[in-house]
Amino acid sequence: FEDFEALLLEAGQRDFELVMAHLSPIDEGLALEARIQLLVAQRAGTFAELAPVWRAARLHEPFSAELRRSRGRLVRASRVQLQRVFAAELDAMPTSARRATLDALQVVTNFPAWDAMHAELGLDDAQAAATMQLLVSRLLPPASAGNLR
């Protein structure tokens, strides 16, 4: 590699490929609880496998434009997945609540939240996944629950 940033560029590409390998499409026609379970299982598996690498990357991120770009790409992909998987519930919400709910979903299903559940709360992977599932369930009332636009 020419320099450290070139190494990080390659590592970021490989990281993104590993994340994408963990993801499989989640059928939007499934019941809400099934979609939540599948999403949490995907994220928990990804986070458990990549946690050591991501923790190290977070330490270097302030000093690396490439690490920041890689994280940004993963954050955007995560948000797109949330929008797609929970489109029915989000679309049923008033416009004012939709963005805040999507933001909250992103916070509770991202790696920093997963890492905090382990480091700060002492949860194991199964407990962290159960906590994530509970939080997502609380944020998303079923679309048929009478939500108004």
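Going by the structure above, here's the rest.
Rules of the game
Residues numbered from 1 in each chain as written. Predicted model: local features only at pLDDT ≥ 70, side-chain atom pairs only at ≥ 80, totals over all residues. Heavy atoms only, no water. Core = buried A, V, L, I, M, F, W, Y, C linked by side-chain atoms within 4.5 Å. Buried < 20%, exposed > 50% of the residue type's maximum accessible area, 1.4 Å probe, protein only. Helix = DSSP H or I, 4+ residues; strand = E, 2+ residues; numbered from the N terminus. Contact = heavy atoms within 4.5 Å. Axes fitted to C-alpha atoms, helices over the stretch in contact; angles between N-to-C directions. Parallel < 35°, antiparallel > 145°, perpendicular 65-115°, else oblique. Left-handed = near helix turned anticlockwise from the far one by under 90°. Nonpolar A, V, L, I, M, F, W, Y, C, P; charged D, E, K, R; others polar. Salt bridge = Lys/Arg side-chain N within 4 Å of Asp/Glu carboxyl O.

**With respect to the nonpolar core**
No. 1: Ranked by internal contacts, the top residues of the largest apolar core, which has 25 residues, are Phe-86, Leu-105, Trp-114, Met-132, Val-136 and Leu-140.
No. 2: Within the residue set of this core, elements represented by two or more residues are helix 2 (32–60), helix 3 (65–85), helix 5 (95–108), helix 6 (111–119) and helix 7 (125–139).
No. 3: Among the elements that line this core, the one with the most residues is helix 2, at six residues.
No. 4: Sequence-distant contacts of Trp-114, that is, excluding residues within four places in its chain, are made with Ala-44, Phe-47, Ala-48, Asp-125, Ala-128, Ala-129 and Met-132.

**Looking at the packing of helix 6 against helix 7**
No. 1: Remark: helix 6 packs on helix 7, axes separated minimally by 10 Å, with the N-to-C direction vectors making an angle of 130 degrees. Here helix 6 is positioned oblique relative to helix 7, judged by the angle of their axes. Seen from above, helix 6 lies across helix 7 with right-handed handedness. Seen from helix 6, the contacting residues are Trp-114, Met-117 and His-118; seen from helix 7, they are Asp-125, Ala-128, Ala-129, Thr-131 and Met-132.
No. 2: Looking at the contact of helix 6 with helix 7 residue by residue, the class counts come to five nonpolar, two polar and one charged.

**Quick word on the pattern of salt bridges**
No. 1: Per the stated rule, a full pass over the model turns up four salt bridges.
No. 2: For the salt bridge of Glu-89 with Arg-35, the shortest nitrogen-to-oxygen distance reads 2.6 Å. Placement of Glu-89 in helix 4 (residues 87–91) and of Arg-35 in helix 2 is noted, with a sequence separation of 54 residues between them. You'll find Glu-89 and Arg-35 in the same group, each marked buried.
No. 3: Between Arg-79 and Asp-103 there is a salt bridge; the shortest N-O distance is 2.7 Å. With Arg-79 in helix 3 and Asp-103 in helix 5, this residue pair connects regions lying 24 residues apart in the sequence.
No. 4: Shared partners join several salt bridges into a network, and the residues in it are Arg-79, Arg-99 and Asp-103.

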